[in-house]
Amino acid sequence: MARSDFVIRFANVNGTGSASANGIVARTLFRMGLHIGPKNMFPSNIQGMPTWYDVRVSDRPYSARREKADILVSMNRNSLKTDLKAVNSGGFVLYDSTAFLHEGEERSDVTYLPVPLSHLAITAFSQSRKRIQLQNLIYVGALAALIKLDWDLLLQVMEERYGKKARDDRKALEIGSAYAQEHFTCPLEFQVEKGAARDSILVEGNYAMALGCLYAGASVVGWYPITPSTGLIEHFSSLCSRYRIDADTKEKRYAIVQAEDEMTALGVVVGASWNGCRAFTASSGPGISLMNEFLGFAYYAEIPVVLFDVQRAGPSTGLPTRTQQADLLLAAYAAHGDTKHVLLFPANPEEGFRMAVQAFDLAERFQTPVIVMSDLELGMNEYASAPFSWDPSFVPDRGKVVSIREQKEKGRPFFRYTDEDGDGIPYRSLPGIDPSLAYFTRGSGHDVYGRYTEDADAYTENVQRIVKKFAHAAEILPEPILIERNNKTHSACVVYFGTSHEALHEALDSLEAKGVVIDSLRIRAFPFSTRLETILAHYETLLVLEQNRDGQLKKLLCAELELKNEIHSLTFFDGLPLLVEKVAVAVEGALKSRPTVGDGSLHPSLNPK
């Protein structure tokens, strides 16, 4: 009987060009109408280390990483012994039989599919430099026959990747397919049937956020390369080269400045934003640490800044190509002194696109840094997503930018830091408009007129006014998403954010099938709204799921809200995408260990539509 929910794991050597070949398999499955979840796990060096690429295949809307594979494509003899341990009993192992299996590389409960990949590539192709790439395509061809990939779609995807004139590439696919059909029973029990057409796209998180920046009207980037954020800037640069060139003069209508370090990169953004441009940068943990001084300056001088933190495993250099959610406290209170920053937590590319646009509106509306908290899991992996939509009537929210006419109508001089409306947000002017709107921008003590002062009352008044902005921001940021299972409210709730959604969603489904039912609440922004506190108050027990060692979300919740719940931390911090099985075990274990509590109640109006 065909099984349409399984995992293919490609075990390769970094630097052999396998990523393109493996991606062809994933895209073909996607275009066949299957739900897929590609996960790329790669080392931080350039070449020679093990790398893995998992493709979760399902006829249901699941895309999270699973602990074990059903089909292993082994192209790395150095990791084969370890890789075999992660194959389910009854699974299959496709490997290069040009070399023999060694002791410890045999299991009686899996089926081996030996294909002489190296020999076939050497025999069929004369270009030694291309043989490794073509060897990858030979195993793709073999796999196509084994799981019944749609051949026409496979060729279409391959031609999009390598070009229509890549005859050797097609030949390599055909060699692999023919060998598999001659030597094995095709297809295997793990096979795919073409599903109904779905209106969806396969998109990387970094690309989605770069696209959001383009639509938001961003025109200046200051950056310093750092994994895993580099792709976001590279995508933005590519998009600008297509859409930000003046049709008449051919001049670039954008500026991308690669600075000498991360601090300078943010300085470029601060300067451009102060001048009225929509500007941003992207970095990761080590870069955010270096940017703290300018983040504090932008906060206190009240200059709009947008920053994308594509988080990776730390501390220090840590694991540059592994994912984590460990910059939460760093970002929330970045810079010395009393600072607090607006954070947005996207869980998928579509939210990344929308939150990128929101970030610029929020930064200019509240005249403050806004940090979009992505991570490597989102930034560097592809996700199936509904096509992005856009309202052509969109008008950027530039916030309180005063004009000469408006100031003349007020009948009084312009002063930068006066709170005319009582909302904590002063009016700002853009440089070069008129001398009457000029002011000094200071990171040192200043009064409402922008003048330097060390007066205690003036300083106190200024920093207290800034707090008002954040109280207002908390109520208009993206609301948390509450899921009450079976339309019932239970006494416990899992609280989480970001890319934990994939694994938790499936884990809670699996627990519900066993009769273990629990609500979930996904936080999408910081500062926290009063609505979040109201929702959490209806639960006696909170399980806070996050991808860091120290329970940073739990600490942030306890620091910012008046919580009286029993709170448990569920932390994962190995740097790899969350495993469904481990999340389910952690949730169920936490529920069993808690004291017996009564059933809570939550008014339906608290659940957003």
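See the structure above.
Residue numbering note: each chain is counted from 1, following its sequence as written. Local features in a predicted model are, by the rule used here, given only for residues with pLDDT of at least 70; side-chain atom pairs are given and counted only at 80 or more, and totals for whole chains, interfaces and linings are based on all residues. The side-chain numbers reported here are obtained from all heavy atoms of the structure, hydrogens and water having been left aside.

Chemist: Explain the packing of aromatic side chains to me, using residue names and the numbers behind them.
Modeler: Stacked, edge-to-face and tilted labels apply to pairs of Phe, Tyr and Trp rings (six-membered ring for Trp) whose centres lie within 6.5 Å, assigned for plane angles under 30 degrees, over 60, and everything in between, in that order. Taken as a whole, this structure holds 22 aromatic pairs when the rule is applied. On the basis of an interplanar angle of 35° and a centroid distance of 5.9 Å, the ring pair of Phe10 and Tyr139 is categorised as tilted. Pair noted here: Phe10 is in strand E1 (residues 6–13) and Tyr139 is in helix H4 (residues 128–147), with a separation of 129 residues, a long-range link. Buried, partly exposed and exposed residues are distinguished by accessible area as a fraction of the type maximum, computed with a 1.4 Å probe on protein chains only: under 20%, between the cut-offs, and over 50%, respectively. For Tyr139, a relative accessible area of 0% puts it in the buried group. Through a chain of ring-to-ring contacts, the aromatic side chains of Tyr215, Phe353, Phe388, Trp390 and Phe394 assemble into a single cluster. When the ring centre of Tyr427 is taken as reference, the NZ or CZ atom of Lys410 above it lies at 3.7 Å. In DSSP terms, a helix is any run of H or I states spanning at least four residues, a strand is any run of E spanning at least two, and both are numbered starting from the N terminus. Should the NZ of a Lys or the CZ of an Arg lie within 6 Å of a ring centre and within 35 degrees of the ring normal, that charge is described as sitting over the ring.

Chemist: A description of the sheet that holds strand E11 (residues 305–311) should follow, citing residues and the corresponding values.
Modeler: Here we have seven strands laid out as an open sheet, ordered E9-E8-E10-E11-E13-E12-E18, and mixed in their pairing. Strands with a single pairing partner mark the edges of an open sheet, and in this sheet they are strand E9 (255–258) and strand E18 (525–526). Looking at chain direction, strand E12 (residues 342–344) and strand E13 (residues 369–375) are connected through three bridges and run parallel. Pairing of Val342 across the sheet is with Val370, part of E13. Between two residues, a contact is recorded if the distance between any of their heavy atoms is within 4.5 Å. Note on geometry: axes are C-alpha line fits, over the in-contact stretch for helices, and angles between N-to-C directions span 0 to 180 degrees. Across the sheet, helix H7 (residues 205–216) touches strand E10 (279–283), E11 and E13, and the angle it forms with E11 is around 175°. Between any two strands, at least two bridges found by DSSP are needed for them to pair.

Chemist: Give a detailed account of the side chain of Thr28, specifying residues and quantitative values.
Modeler: Along the chain, Thr28 falls in helix H1 (residues 18–31). Given a relative accessible area of 0%, Thr28 falls into the buried group. Not counting residues up to four positions away in its chain, the partners in contact with Thr28 are Leu149, Asp150, Leu153, Leu154 and Val157.

Chemist: Quick rundown of helix H16 (residues 456–474)? Include the residues and the values.
Modeler: For H16, which comprises 19 residues, the first-to-last C-alpha distance of 28 Å matches the rise-based estimate of 27 Å (1.5 Å per residue) to within 8%. All of the buried residues along H16 are Ala458, Asn462, Arg465, Ile466, Lys469, Phe470, Ala473 and Ala474. Each element contacted by the buried residues of H16 is listed here: helix H11 (292–301), E12 and helix H13 (349–366). Taking the backbone nitrogen of Asp457 as reference, a side-chain oxygen 3.1 Å away marks Asp455 as the first, capping residue of H16. By this rule the span expected of a helix is its residue count minus one, scaled by 1.5 Å. Whenever two N or O atoms come within 3.5 Å, that pair is a polar contact, provided that in protein one can donate a hydrogen and the other can accept it, and provided that, for residues adjacent in sequence, both atoms are side-chain atoms.

Chemist: Summarise the packing of helix H17 (residues 501–513) against helix H20 (residues 580–593); cite the residues concerned and give the values.
Modeler: Between two packed helices, what matters for the description is the angle formed by their axes and the separation of those axes. At a minimum axis distance of 8 Å, the contact between H17 and H20 shows a crossing angle of 60°. As summarised for this structure, H17 and H20 are arranged oblique, according to the angle between their axes. With respect to the hand of their crossing, H17 and H20 are arranged in right-handed fashion. Counting all contacts with H17, which are made through Ala503, Leu504, Glu506, Ala507, Leu508, Ser510 and Leu511, the residues of H20 involved are Val580, Val583, Ala584, Val587 and Glu588. A per-class count over the contact of H17 with H20 returns nine nonpolar, one polar and two charged. An angle counts as roughly parallel when it lies under 35 degrees, as roughly antiparallel when it exceeds 145, as roughly perpendicular when it falls between 65 and 115, and as oblique in every other case. By convention the crossing between two helices is left-handed if the near helix lies anticlockwise of the far one by an angle smaller than a right angle, and right-handed if it lies clockwise. Asp, Glu, Lys and Arg are counted as charged, while Ala, Val, Leu, Ile, Met, Phe, Trp, Tyr, Cys and Pro are counted as nonpolar; the rest, among them Gly, fall into the polar class.

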